[in-house]
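The residues making up each chain are set out below.
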Amino acid sequence: MKTARKNANNQKLVPFDVIKKASEGDILSINQTLKHYEGYIARLSVRKMYDEYGGIHYCVDETLRRRLETKLIKTILGFKIKR
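Numbering of residues begins from 1 in every chain and follows the order in which that chain's sequence is written. The predicted origin of the model limits local features to residues at a pLDDT of at least 70 and limits the giving and counting of side-chain atom pairs to 80 or more, whereas totals for whole chains, interfaces and linings rest on all residues. Think of the side-chain values as coming from all heavy atoms in the structure, minus any hydrogens and water.

Caption draft 1: The arrangement of the side chain of Ser45 in detail. Every helix listed is a DSSP run of H or I at least four residues long, and every strand listed is a run of E at least two residues long, numbered separately from the N terminus. Topologically, Ser45 is positioned in the loop between α3 (38–44) and β1 (46–50). Contact between two residues is taken to exist if any of their heavy atoms lie within 4.5 Å; hydrogens are not considered. Apart from the residues lying within four places of it in its own chain, the contact partners of Ser45 are Cys59, Val60, Asp61, Leu64, Arg65 and Leu68.

See below:
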């Protein structure tokens with residue numbers, strides 16, 4: 001497998017062949033793409049919770065995380081590559 005190139009902000013990019021295979025429905029490529037965005041999705045899913053003493057705790061809202069993953073999969077499968 002090819003290593004991911006980096007963009008101007010030194011962030012790793014998903015290789016084109018992985019994107020192409022994922023858009024065609026390849027499960028391994030979809031999982032690789034989900035793994036790539038795992039941290040970003042987790043960060044978007046963080047919610048502030050309060051305990052019984054009024055203390056603030058931050059945790060990942062699993063329902064929201066699953067919704068974001070589902071939306072990403074739906075977007076990947078609907079992605080059309082034009083040449």
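Caption draft 2: Representation of helix α4 (residues 62–78) in the model. Across its 17 residues, α4 extends 24 Å between first and last C-alpha, which sits within 8% of the 24 Å expected from 1.5 Å per residue. Burial classes follow relative accessibility: with a 1.4 Å probe on protein chains only, a residue under 20% of its type's maximum area counts as buried, one over 50% as exposed, and anything between as partly exposed. Within the sequence span of α4, burial applies to Leu64, Arg65, Glu69, Leu72 and Ile76. For α4, the arc enclosing every buried residue in end-on projection is 140°, short of the 170-degree limit, so these residues lie on one face. In α4, the exposed positions angled more than 90 degrees off the buried face are occupied by Thr63, Arg67, Thr70, Lys71 and Lys74. Looking at the buried residues of α4, the elements they touch are α1 (16–23), α2 (27–36), α3, β1 and β2 (56–60). Think of a polar contact as two N or O atoms within 3.5 Å of one another; within protein, one of them needs to be a possible hydrogen donor and the other a possible acceptor, and neighboring residues in sequence only count if both atoms come from side chains. N-capping of α4 is provided by Asp61, with a side-chain oxygen placed 3.2 Å from the backbone N of Thr63. Every helix has an expected span of 1.5 Å times one less than the residues it contains. Summarising the geometry, the arc corresponds to the directions from the helix axis toward the C-beta atoms.

Caption draft 3: A look at the nonpolar core. With six residues, the main nonpolar core is built from Ala22, Ile30, Leu34, Ile41, Leu72 and Ile76. Of all elements in the fold, only α2 and α4 reach the threshold of two or more residues within this core. Not counting residues within four places of it along the chain, the set of residues in contact with Leu72 comprises Leu34, Tyr37 and Ile41. For the purposes of this section, nonpolar cores are sets of buried Ala, Val, Leu, Ile, Met, Phe, Trp, Tyr and Cys residues that join through side-chain atoms within 4.5 Å.

Caption draft 4: Just the packing of α1 against α2, in detail. Note on geometry: axes are C-alpha line fits, over the in-contact stretch for helices, and angles between N-to-C directions span 0 to 180 degrees. Running from N to C, α1 and α2 cross one another at 120°; their axes reach a closest spacing of 7 Å. Between α1 and α2, the angle is such that the two are oblique. Every pair of crossing elements has a handedness; the one defined by α1 and α2 is left-handed. Counting all contacts with α1, which are made through Val18, Lys21 and Ala22, the residues of α2 involved are Ser29, Ile30, Gln32 and Thr33. Under the scheme applied here, ten amino acids are nonpolar (Ala, Val, Leu, Ile, Met, Phe, Trp, Tyr, Cys and Pro), four are charged (Asp, Glu, Lys and Arg), and all others, including Gly, are polar. Along the lines of polarity and charge, the residues of the contact of α1 with α2 split into three nonpolar, three polar and one charged. Each angle gets one of four labels, with under 35 degrees taken as roughly parallel, over 145 as roughly antiparallel, 65 to 115 as roughly perpendicular, and the rest as oblique. Take the far helix as your reference; a near helix turned counterclockwise from it by less than a right angle gives a left-handed crossing, and one turned clockwise gives a right-handed crossing.

Caption draft 5: Representation of the pairing of β2. As paired strands, β1 and β2 are joined by five bridges and run antiparallel to one another. Bridge pairing in β2 places Val46 opposite Val60. Two strands pair if DSSP finds at least two bridges between them. Remark: five residues form the turn of the hairpin made by β1 and β2, two consecutive strands paired antiparallel; Gly54 in that turn has positive phi of roughly 90°.

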